[in-house]
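Fold and contact review
Here is how the chains run, residue by residue.
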Amino acid sequence: MIRNRLLLTGLILLVFTSLFAKEGMWIPTLLNKYNIEEMKQMGFKLTAEDIYSVNQVSMKDAVVIFGGGCTGELISDQGLLITNHHCGFDAIQNHSTVEHDYLTNGFWAKNHQEELPNPQLSVRFLDRMDDVSEKVLAGSEGKPQDSIPAIILRNSKRITTEASQKGRFEAVVQPLFYGNQYFLYVYQVFEDVRLVGAPPTSIGKFGGDTDNWMWPRHTGDFSLFRIYANKDNQPAKYSAGNVPYKPKKFFKISLKGVHPEDFTMVYGYPGRTQEFLPSQAISQIMEQGDPDKIKIRDMKLSLLAADMDKDPKVRIQYASKYATTSNAWKKWQGEVKGLKRLNAVNTKQNFENEFKAWVAAERDRKNRYSEVLPNFDKLYAQLAPYAKAYDYYGEIVQRGTDLFTAVAILESLESRWAKLKPEDQALALKSVQQRLADHFKEYNRATDEKVFAALIPMYYNDLDPRFLPEDFKALMSKTSTEKLINTLYRKSIFSDSIKLTALMTDLDLKKLKTISEDPAFILFRSLKNFYEKNVESNYTSIQKQIDGNLKTYVAGIMKMHEGRPLWADANKSLRVAYGKVEGFEPMDGVIYDYYTTVDGIMQKDNPAIYDYNVPQALRDLYHKKDYGRYGENGKMNVCFTASNHTTGGNSGSPVIDANGNLIGVNFDRSWEGTMSDLMFDPDRCRNISLDIRYALFIIDKLAGAKDLIDEMVVVN
Ligand code: ARG
Ligand code: ASP
């Protein structure tokens with residue numbers, strides 16, 4: 001009986017999962033081919049043209065790339081944009097001081113004049129995208145393998161130059177399916193983007209790094225910006241005379257709330273997935289790459305946390321660095337766990353066997369694809385030691401310590417300086433001064449010294465000696481950590497913000513000579529040169545061969561799947577993911593509901609724990625149950641989960657209902673599903689979104705920013 005029932009559910013599941021795919025980040029111009037029918041069956045009421053069109057205004061005109069790695073969406077006819085708090089974090093932090101601590105207290109501009117400009121921030125609207133595969137690959141047929149990249153580059157250059165219309169647009173050509181297809185993306189870039197509002201960190205980052213990647217979640221992860229344009233509504237550099245941008249399209253906001261099985265769609269810019277990687281790559285990530293990086297960051301994070309806890313100034317200084325470092329660190333841990341649970345290496349091997357059988361069935365295929373899988377064996381075995389050294393260099397020398405970050409700012413300049421014209425020298429000096437000023441704003445010597453003392457010995461102890469330069473080995477073999485700090489760290493001008501800043505008021509050969517004799521400079525350059533010569537060059541050349549092999553492999557998979565939908569890995573281009581509102585079962589005996597409420601915030605409330613210290617204003621609103629039109633059945637919803645396939649870069653993406661209205665802002669995934677960048681599991685992969693009603697509640701009731709609400713179009 002039980003057996004039969006299991007068999008039956010198994011069958012239903014099979015039919016079901018193939019009917020409602022859940023997995024996938026689809027290219028909006030190709031939706032009609034496979035997906036729209038499925039989306040409609042799931043409840044979607046609109047058409048492919050409503051999502052993306054070149055002939056009429058469509059949803060794509062309301063979605064932007066926000067800054068370097070997030071998504072944002074327009075929510076008013078005056079250029080008002082919503083994204084995540086963690087996406088606006090740098091901007092909020094840059095405007096924060098101990099006196100005006102917007103991180104702690106939040107920020108709300110009372111009028112347009114108070115909105116704060118952000119020189120480093122821009123947003124990109126997609127004007128159009130086109131399949132340019134034929135044009136990009138033109139002239140490459142029959143040419144020797146190693147001449148093809150140059151042909152592709154030349155063709156792409158011609159295409160982007162033409163599409164950019166003399167700088168009016170930003171144009172890029174990007175490969176899909178490892179270069180089996182190419183798409184052109186043409187963007188309009190707006191550079192005057194001002195901060196309008198952000199809740200206090202105790203709301204916008206409630207739960208902090210403790211709750212990050214986790215469900216149940218109660219983070220009010222949003223911030224508001226406004227795009228400004230010139231008088232003709234065109235992009236312009238910041239100017240006090242600029243006016244709010246009038247968008248072609250903005251999202252209406254639905255207060256209907258979310259319910260199980262509701263259709264949802266996430267429309268944004270996912271950064272990177274690698275679903276086609278072979279079993280060897282997966283095993284290297286699980287066994288080597290992720291564990292190494294986790295170990296190094298374990299160390300760094302515990303040292304930063306100790307100092308941040310002791311001193312509020314250090315907390316502000318290191319807030320952004322800590323969040324970035326801990327974010328990937330925690331994701332990798334979930335990823336390894338998820339891959340193990342999915343038996344990912346085995347699953348991949350099974351697929352590879354299917355591929356082998358498919359290849360063996362036809363002579364043409366044998367000629368083209370039979371070497372692909374054995375090649376992976378060889379190549380990944382060759383890559384492994386270099387990949388380890390590559391990870392260690394990145395984690396420790398390149399990004400690990402503030403000391404080396406400061407050295408790096410001057411290191412490349414030192415070798416170029418003598419060849420620069422005087423006017424270029426002046427420019428370079430100005431840029432160095434600015435970068436150092438930014439750097440030292442987020443630097444505490446005592447903290448970084450501890451990090452340096454912990455990380456540098458790891459580089460020495462963990463790496464194969466053949467990847468370490470002689471002078472470094474000699475130094476480390478006879479020096480204690482204490483001595484290393486005394487003779488190197490404390491002697492270096494790069495650890496002394498005052499001295500280095502004073503020295504940098506001008507720059508000449510003599511000063512550069514002094515700098516190049518600095519002990520930290522000497523060590524950094526030695527590590528860098530040795531790495532570039534002995535690790536990076538080999539790593540890159542093997543990786544190139546792997547990519548070439550992947551191109552052939554994926555070409556085979558595409559053939560094998562002909563007539564069935566196949567989605568291309570995320571590459572920071574506009575994608576649609578669709579799914580439905582649903583909870584999940586993270587582990588045996590546990591069922592997660594699909595939504596959270598302010599009640600849960602109050603249950604976590606604890607003034608003694610930084611991440612769970614609820615602001616008094618929110619406590620008061622909770623006690624009065626003053627939720628206005630945003631509440632539901634006496635509760636105030638905060639977040640919800642759904643089965644949309646998303647990844648890093650999707651943060652800030654609009655979560656859209658069946659009618660095209662905004663119901664949420666995507667900001668995270670569940671920890672049990674973070675392997676979705678490599679392998680998707682429809683049972684456990686869930687995206688986590690902020691319920692848009694909670695954002696409106698905070699703006700309206702907590703911040704009292706009624707003007708902002710009035711700007712939006714709210715539907716019931
Ligand atoms: N995990 C989310 C993402 O990958 C949110 C990260 C920001 N939040 C944080 N607590 N560090 O970007
Ligand atoms: N939090 C991620 C982001 O910042 C989203 C994710 O990885 O799911 O884009």
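Procedures and definitions
Residues numbered from 1 in each chain as written. Chains lettered and ligands numbered in written order. Predicted model: local features only at pLDDT ≥ 70, side-chain atom pairs only at ≥ 80, totals over all residues. Heavy atoms only, no water. Axes fitted to C-alpha atoms, helices over the stretch in contact; angles between N-to-C directions. Helix = DSSP H or I, 4+ residues; strand = E, 2+ residues; numbered from the N terminus. Parallel < 35°, antiparallel > 145°, perpendicular 65-115°, else oblique. Contact = heavy atoms within 4.5 Å. Nonpolar A, V, L, I, M, F, W, Y, C, P; charged D, E, K, R; others polar. 1 Å grid on protein atoms, 1.4 Å probe; cavity = no way out; pocket = protein on both sides within 12 Å on 5 of 7 lines; lining within 4 Å. Points joined across faces, edges and corners; volume = space filled by probe spheres on them. Disulfide = S-S within 2.5 Å. Buried < 20%, exposed > 50% of the residue type's maximum accessible area, 1.4 Å probe, protein only. Near = heavy atom within 4 Å. Polar contact = N/O pair within 3.5 Å; in protein donor to acceptor, adjacent residues only side chain to side chain. pLDDT = per-residue confidence, 0-100. Salt bridge = Lys/Arg side-chain N within 4 Å of Asp/Glu carboxyl O.

Considerations on the packing of helix α12 (residues 344-360) against helix α22 (residues 519-560)
The axes of two packed helices give the description: the angle between them and the distance between them. Running from N to C, α12 and α22 point in directions that differ by 75°, and their axes come no closer than 11 Å. On the basis of their axis angle, the class for α12 and α22 is roughly perpendicular. Listed contacts from α22 to F351, E352, E354, F355 and W358 of α12 are Y553, G556, I557, K559 and M560. Tallied by class, the residues present in the contact of α12 with α22 amount to 6 nonpolar, 1 polar and 3 charged.

Remarks on empty space enclosed by the protein
Within the structure shown, the criterion is met by 2 cavities of 30 Å³ or more. Of the voids in this model, the largest cavity is the one considered here, and its volume is about 40 Å³. In this structure, the largest cavity is lined by K300, L304, Y318, K321, G400, D402, T447, D448 and V451. At the level of elements, α10 (279-310), α11 (312-341) and α17 (445-462) are the ones that each hand at least two residues to the lining of the largest cavity. Per-element tally for the lining of the largest cavity: the top contributor is α17, with 3 residues. Looking at the lining of the largest cavity, its residues break down into 3 nonpolar, 2 polar and 4 charged. The space that makes up the second largest cavity amounts to roughly 30 Å³. In terms of lining residues, the second largest cavity is bounded by N644, H645, T646, R669, G673, S676, F680, C685, R686 and N687. Split into classes, the residues belonging to the lining of the second largest cavity amount to 2 nonpolar, 6 polar and 2 charged.

Notes on the state of the cysteines
Taken as a whole, this structure holds 1 disulfide when the rule is applied. The disulfide that involves C70 links it to C87, with 2.1 Å between the sulfurs. Across the disulfide from C70 to C87, rotation about the S-S bond amounts to roughly -75°, and the bridge is consequently left-handed. Remark: C87 occurs in helix α4 (residues 85-94) and C70 occurs in strand β2 (residues 70-74); sequence separation between them is 17 residues. The residues C70 and C87 share a single accessibility class, namely buried. Take C639: it sits in no disulfide, and the sulfur closest to it among the cysteines is that of C87, at 14 Å. When its relative accessible area of 0% is taken as the criterion, C639 is described as buried. Of all cysteine sulfurs, the one in C639 lies closest to C685, which takes part in no disulfide; the gap is 18 Å. What makes C685 buried here is its relative accessible area of 4%.

Notes on the site of ligand 1
Lining the immediate surroundings of ligand 1 are H86, K205, G208, D209, N212, W213, A323, N327, F667 and D668. A distance of 2.9 Å separates a nitrogen atom of ligand 1 from a polar side-chain atom of D209. Mapped onto the shell around ligand 1, the elements with two or more residues apiece are α9 (208-211), α11 and β20 (662-669). Among the residues making up the shell around ligand 1, the classes are represented as 3 nonpolar, 4 polar and 3 charged.

Describing the confidence of the model for the protein
On average, residues of the protein carry a pLDDT of 95, and 97% of them reach 70 or more. Low pLDDT, under 50, characterises residues 1-19; the predicted model gives this stretch 5 contacts beyond four residues in sequence or across chains.

Observations regarding the pattern of salt bridges
In this structure the tally under the stated criterion is 42 salt bridges. Residue K580 is joined to E261 by a salt bridge in which the shortest nitrogen-to-oxygen separation is 3.1 Å. Of this pair, K580 sits in strand β14 (residues 575-580) while E261 is found in the loop between β12 (253-254) and β13 (263-268), placing the two residues 319 residues apart along the sequence. Using a relative accessible area of 6% as the deciding quantity, one classes K580 as buried. Taking the shortest distance from any N to any O, the salt bridge between K450 and D307 comes out at 2.9 Å. With K450 in helix α17 and D307 in helix α10, this residue pair connects regions lying 143 residues apart in the sequence. Here the salt bridges do not stand alone but share partners, grouping E411, E414, R525, K528 and E532 into one network.

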